[in-house]
Amino acid sequence: KALSGKKSEGIRIRLYRNRSSVAEPEKLYGHEALTDKLTGPWSVVIPPKTVFVGHRIPDTDAICSAIAAAELFDGIPARAGALNTETEYVMKKFNLPLPVLFKDLPSEVGHIALVDHQQMSQVAEGVDLSKVIAIIDHHAFQNGTISTRVPIYADVRPWGSASTIIAHAYIQHKHPLSKTSAAALLCGIISDTLSLCSPTTTHYDRMMVTFLSYAANIADVEELAKEMFQAKSRELKNMNTYSLVRGDIKKFDTAHVAENTSLRIAIGVVECTDPAIVMKRRKDVVEELQALKLEDNVDLAYLIVVDIVQLFSEVISPDADEFDLACQAFEGGTVTKHKTIQLQKGRVSRKLDFMPSLVRVLEKGWEKKTVVTKSARALQRKNLPSVVYVDGPTGTQLERVRSNISISS
């Protein structure tokens, strides 16, 4: 009590330092009853029977991470839509069970965990956000990230795939890993990192590929990647333009600084081994992108064709605003005579290359030049060619009745 001022403060600090100095690692972490729970399995346990579901228009990572996470946590894997040909190949090759379509699950679903996404625009049809208790993802948070009424478990890491995170969770839990789930996770990483060649690839992805290839007894990972990429490209030859544009499209809500509002951007990506298959249909793609903007209430839309062998990308813009924004965002790219933009080698990631580059220009105050009133958009939407179900080489699919009249937006 007699101590006061700086002298008293100095003594308190010295006592604190002396007290903390005795906390040696072996004393702090030597109590197994405590540390086993915190350094082994996650401190937040995901309840059994939780439904694990990926994003709309699912890719291989979304499907495979849901399957493996369900095995790890004694849950139920689900999917948000139809499989692409790459994922179908993986499912067949490794005899993986097809996850149930989420909207076909009983309404009394208890807990839900979102994998490989956390944007509202990507949440599966029928998901009740009040039942979401966990997110396992590797994407950046955008304006459209989901909101929940209560705190939930979130494991979001800047790694190359959700499958990498789930694979690491198996190690954390020291949980038995079946060969089929190991193969599924391996394929998820291969797909999302373009066989470890994408700029999103991390050291952890490489380590998990080594771990999973051993667990799945797969000797030639490069051959597996080649087969997967070939399977992914096969469907393009028989895919109509409607499906081509919407096959792997993600929508983002971002700030429009110049007008103090928000913009919705849709970025579709086509990954293939032969970009010419897509580029020769450029005119139809432009029309379909224009239609998508009207139907889905999107302000800006792109289709970016990625050569997954040579690691080049080419940007297709439907209108002048998209082209102007892309020219500023992708400086160093080459503008072709068809007003597409060929990017520098290695720029192949929507998450790391495409979206961040566009957002940076928007944040600097880029202004949309073309203004269309709501009534004009409504009229254009009304006059769009119809979309109907047709039987094609890959089964029944939606297709737009083609029109010779270009849509102006």
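Above this note sits the structure.
Residues numbered from 1 in each chain as written. Predicted model: local features only at pLDDT ≥ 70, side-chain atom pairs only at ≥ 80, totals over all residues. Heavy atoms only, no water.

1. Section: the sheet that holds strand 6 (residues 153-156)
Here's step 1: Pairing in this open sheet of six strands is parallel, and the strands run 3-2-1-4-5-6 from one edge to the other. Lying at the two open borders of the sheet, with one neighbouring strand each, are strand 3 (100-101) and strand 6.
Here's step 2: Strand contacts of helix 4 (residues 60-72): strand 1 (51-53), strand 2 (76-79) and strand 4 (112-115), with the helix running at about 165 degrees to strand 2, the strand carrying the most contacts. (Pairing = 2+ DSSP bridges. Helix = DSSP H or I, 4+ residues; strand = E, 2+ residues; numbered from the N terminus. Contact = heavy atoms within 4.5 Å. Axes fitted to C-alpha atoms, helices over the stretch in contact; angles between N-to-C directions.)

2. Digging into the pairing of strand 10 (residues 312-316)
Here's step 1: In terms of burial, strand 10 is largely enclosed, as four of its five residues are buried.
Here's step 2: Pairing geometry for strand 9 (residues 300-307) and strand 10, over five bridges, is antiparallel. Pairing of V306 across the sheet is with S313, part of strand 10.
Here's step 3: Between strand 9 and strand 10, which pair antiparallel in sequence order, lie four residues; one of them, L311, sits at a positive phi of approximately 65 degrees.
Here's step 4: In this structure, strand 10 lies alongside strand 12 (residues 341-342), joined through two bridges in antiparallel fashion. (Buried < 20%, exposed > 50% of the residue type's maximum accessible area, 1.4 Å probe, protein only.)

3. Examining the packing of aromatic side chains
Here's step 1: One pass over the structure, following the stated rule, counts three aromatic pairs.
Here's step 2: Seen from their ring centres, F52 and F73 are 5.9 Å apart, and the 15 degrees between their planes marks the pair as stacked. With a gap of 21 residues between them, F52 in strand 1 and F73 in the loop between helix 4 and strand 2 connect regions that are remote in the sequence.
Here's step 3: According to the relative accessible area criterion, F73 is buried, its value standing at 7%.
Here's step 4: Ring plane angle 15 degrees and centroid distance 4.4 Å describe the contact between W159 and Y204, whose orientation is recorded as stacked. A residue pair is termed long-range when its members are at least 10 positions apart, and W159 in the loop between strand 6 and helix 6 (162-173) and Y204 in helix 8 (residues 203-215) qualify at 45 residues.
Here's step 5: Seen from the ring of Y242, R246 lies directly overhead, with NZ or CZ sitting 4.1 Å from the centre. (Phe/Tyr/Trp six-rings, centres within 6.5 Å; stacked < 30°, edge-to-face > 60°. Lys NZ or Arg CZ within 6 Å of the ring centre and 35° of its normal.)

4. A closer look at the nonpolar core
Here's step 1: Counting residues in each nonpolar core, the largest one holds 75 residues, and the members touching the most others are F52 and L224.
Here's step 2: When neighbours within four sequence positions are excluded, F52 is seen to be in contact with I46, A66, A69, A70, F73, G75, I76, P77, A78, A113 and V115.
Here's step 3: With 20 residues, the next largest nonpolar core counts M239, L244, I249 and L292 among its residues. (Core = buried A, V, L, I, M, F, W, Y, C linked by side-chain atoms within 4.5 Å.)

5. Here's the deal with the packing of helix 6 against helix 7 (residues 179-192)
Here's step 1: At a minimum axis distance of 8 Å, the contact between helix 6 and helix 7 shows a crossing angle of 145 degrees. By crossing handedness, the relation of helix 6 to helix 7 is classed as left-handed. Taken together, the residues of helix 7 that come into contact with helix 6 (itself represented by S163, T164, I166, A167 and Y170) are S181, L185, G188 and I189.
Here's step 2: Grouping the amino acids of the contact of helix 6 with helix 7 by side-chain chemistry returns five nonpolar, four polar and no charged. (Left-handed = near helix turned anticlockwise from the far one by under 90°. Nonpolar A, V, L, I, M, F, W, Y, C, P; charged D, E, K, R; others polar.)

6. Focus on the pairing of strand 6
Two faces make up the sheet, and in a regular strand the side chains alternate between them.
Here's step 1: Taking every second residue as pointing to the same face, the buried face of strand 6 carries Y153 and D155, while none of A154 and V156 on the other face is buried.
Here's step 2: Sheet topology places strand 5 (residues 132-137) next to strand 6; four bridges connect them, and they run parallel. Residue D137 lies in a different strand from strand 6, and its bridge partner there is V156.

7. Focus: the packing of helix 13 (residues 320-329) against helix 14 (residues 350-363)
The angle between the axes and the distance between the axes are what describe a pair of packed helices.
Here's step 1: Where helix 13 meets helix 14, the closest approach of the two axes is 9 Å, and the angle between their N-to-C directions is 100 degrees. Taken together, helix 13 and helix 14 sit at an angle that is classed as roughly perpendicular. Facing L325, A326, Q328 and A329 of helix 13, the residues of helix 14 in contact are S357, L358, V361 and L362. (Parallel < 35°, antiparallel > 145°, perpendicular 65-115°, else oblique.)

8. Remarks on helix 8
Here's step 1: For helix 8, which comprises 13 residues, the first-to-last C-alpha distance of 18 Å matches the rise-based estimate of 18 Å (1.5 Å per residue) to within 8%.
Here's step 2: Those residues of helix 8 lying buried are D205, M208, V209, L212 and S213. For helix 8, the arc enclosing every buried residue in end-on projection is 130 degrees, short of the 170-degree limit, so these residues lie on one face. Exposed and oriented more than 90 degrees from the buried face of helix 8 are H203, T210 and Y214.
Here's step 3: Buried positions along helix 8 lie against helix 6, helix 7 and helix 9 (221-234).
Here's step 4: Just downstream of helix 8 lies N217, where phi reads positive at about 60 degrees. (Expected span 1.5 Å × (residues − 1). Arc of directions from axis to C-beta.)

9. Overview of unusual backbone geometry
Here's step 1: The backbone phi angle of K49 is positive, close to 70 degrees, even though this residue is not glycine.
Here's step 2: Mapped onto the secondary structure, K49 falls in the loop between helix 3 (32-39) and strand 1.
Here's step 3: Residue K49 is classed as exposed on the basis of its relative accessible area, which comes to 55%.
Here's step 4: Unusually for a residue other than glycine, D74 sits at a positive phi of about 55 degrees.

10. Overview of the environment of I46
Here's step 1: Relative to the assigned elements, I46 resides in the loop between helix 3 and strand 1.
Here's step 2: Judged by its relative accessible area of 3%, I46 falls in the buried class.
Here's step 3: Spatially, the C-alpha atom of I46 lies 8.5 Å from that of Y153, the residues being 107 residues apart in sequence.
Here's step 4: Non-local contacts of I46, meaning those with residues more than four positions away in its chain, are made with F52, F73, I133 and A134.

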